[in-house]
Amino acid sequence: MKNQVRDLRGGQGWSQADLAERLDVSRQTVNAIETGKYDPSLPLAFKIARLFGQPIEAIFEPD
Amino acid sequence: MARFSERRYRSQMAVAMVAYMAAMLLVWPLSRTAASVPLKVLLAVVPVLPMLFVIGLMARRISASDEFEQRVHLLALGASTALLGALSLVGGFLAAAGVLRLDGTILIWVFPVTMIGYGIARWWLLVRHYGGSTGCDGASLRWQLGLLVGLVLMVLAVAWWRGQLSDFQAGLLIGMAPAALVVLALALWRRLRRASGED
């Protein structure tokens, strides 16, 4: 899946470590999601969507 | 479950490794000369106790990881187990055919080989497949090197206390040499990468 996580994080001025702390995951996990190498589970995707105040489909879209 | 900090993991691992080395140096050699079988059994399995603690520590670390880390841990453990299973099958069939002569002591290598395979597979998944880093930073390498130096000093201290370096103690030192070389090679590789990045 493609996603807008990197752009949204950049918009907030957060580092990968900042976002990782807010999501309670590792920095490696944030990096893998941002590069599209790893698709998060539904609970984590909802957590990301809630954090950025956007619906899931605005952040994640299928290839 | 609360995340398991790397610092906590390292400190508990260090305690387990020191306990393992102490058991190997001070308790396990007594099993060879113990008169009764129950005592021999008891002394022979003492070094297993710290290793059981390490296995429990790894289980806690994995269960406290996030979903991506758990995926990497379990894929790496699966790959390592499959490799060891295949090697065991080949070795077992060759031994049964009389091509190889293997005795029971080879079982001691099952756990270390599994861990080495797990480490390599985890590195490959994190760095090559997912394009991240292993979290093997300078502090981690310094910690690993410090632990190795501490374990070597333990062996040398016991040899000095007993007035001789036995074959067994020399074997322990030789066994730790590849680990020290790997850590030093990683430190050198990191330094070279950093230097080329600064150019």
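For the structure itself, consult the block above.
Procedures and definitions
- Residues numbered from 1 in each chain as written.
- Chains lettered and ligands numbered in written order.
- Predicted model: local features only at pLDDT ≥ 70, side-chain atom pairs only at ≥ 80, totals over all residues.
- Heavy atoms only, no water.
- Helix = DSSP H or I, 4+ residues; strand = E, 2+ residues; numbered from the N terminus.
- Buried < 20%, exposed > 50% of the residue type's maximum accessible area, 1.4 Å probe, protein only.
- Arc of directions from axis to C-beta.
- Contact = heavy atoms within 4.5 Å.
- Buried area = accessible area lost by both parts, 1.4 Å probe.
- Salt bridge = Lys/Arg side-chain N within 4 Å of Asp/Glu carboxyl O.
- Polar contact = N/O pair within 3.5 Å; in protein donor to acceptor, adjacent residues only side chain to side chain.
- Nonpolar A, V, L, I, M, F, W, Y, C, P; charged D, E, K, R; others polar.
- Axes fitted to C-alpha atoms, helices over the stretch in contact; angles between N-to-C directions.
- Parallel < 35°, antiparallel > 145°, perpendicular 65-115°, else oblique.

Topic: the environment of L42 of chain B
All names here are of chain B.
Right, on to step 1. Of note, L42 is situated in helix α2 (residues 37–45).
Right, on to step 2. Residue class for L42 comes out exposed when judged on its relative accessible area of 54%.
Right, on to step 3. It is 9.8 Å that separates the C-alpha atoms of L42 and V27, two residues lying 15 residues apart in sequence.

Side note on helix α2 (residues 16–23) of chain A
Each full turn of the α-helix corresponds to 3.6 residues, which orients residues three or four apart in the same direction.
Residue and element names in this part refer to chain A.
Right, on to step 1. Along α2, the positions that sit buried rather than exposed are Q16, L19, A20 and L23. Here the buried residues of α2 occupy an arc of 105 degrees about the axis, which is enough to place them on one side.
Right, on to step 2. Among the structural elements, α1 (5–12), α3 (27–34) and α4 (42–52) are those in contact with the buried residues of α2.
Right, on to step 3. Of the residues one or two after α2, D24 is the one with positive phi, at around 60 degrees.

A short note on the interface of chain B and chain A
Right, on to step 1. If you look at the interface, chain B gives 14 residues, while chain A gives 14 residues.
Right, on to step 2. Both faces combined, the contact of chain B with chain A buries some 1,100 Å², and carbon together with sulfur accounts for 46% of it.
Right, on to step 3. It is E67, F68 and Y130 of chain B in chain B that bury the most area against chain A; as a group they hold 48% of the surface buried on that side.
Right, on to step 4. On the surface where chain B and chain A come into contact, there are 0 salt bridges.
Right, on to step 5. For the pair chain B and chain A, the interface holds 5 residue pairs in polar contact (both at pLDDT 80 or more).
Right, on to step 6. Considering every element that reaches the side of chain B that touches chain A, the biggest residue donor is helix α4 (residues 67–96) of chain B, with 4 residues.
Right, on to step 7. Here the residues of the side of chain B that touches chain A sort into 3 nonpolar, 6 polar and 5 charged.

Quick look at the pattern of salt bridges
Side chains bearing opposite charge may pair, as long as their charged atoms lie close to each other.
Residues and elements named next belong to chain A.
Right, on to step 1. Scanning the entire structure with this criterion turns up 2 salt bridges over all chains.
Right, on to step 2. Here E34 makes a salt bridge to R6, at a shortest N to O gap of 3.6 Å. Of the two residues, E34 sits in helix α3 while R6 sits in helix α1, which places them 28 residues apart along the sequence.
Right, on to step 3. In this structure E34 comes out as buried when scored by relative accessible area, which is 8%.
Right, on to step 4. Linking E34 and R9 is a salt bridge whose minimum nitrogen-to-oxygen distance equals 2.4 Å. Of this pair, E34 sits in helix α3 while R9 sits in helix α1, and the two are 25 residues apart along the sequence. Comparing E34 with R9 shows no difference in burial state: the two are buried.

What to know about the packing of α2 of chain A against α3 of chain A
Residues and elements named next belong to chain A.
Right, on to step 1. As a packed pair, α2 and α3 sit with axes 8 Å apart at the nearest point and diverge in direction by 105 degrees. What the angle tells us is that α2 and α3 run roughly perpendicular. Between α2 and α3, the residues in contact are Q16, A17, L19 and A20 and R27, V30, N31 and E34, respectively.
Right, on to step 2. A class-by-class count of the residues in the contact of α2 with α3 yields 4 nonpolar, 2 polar and 2 charged.

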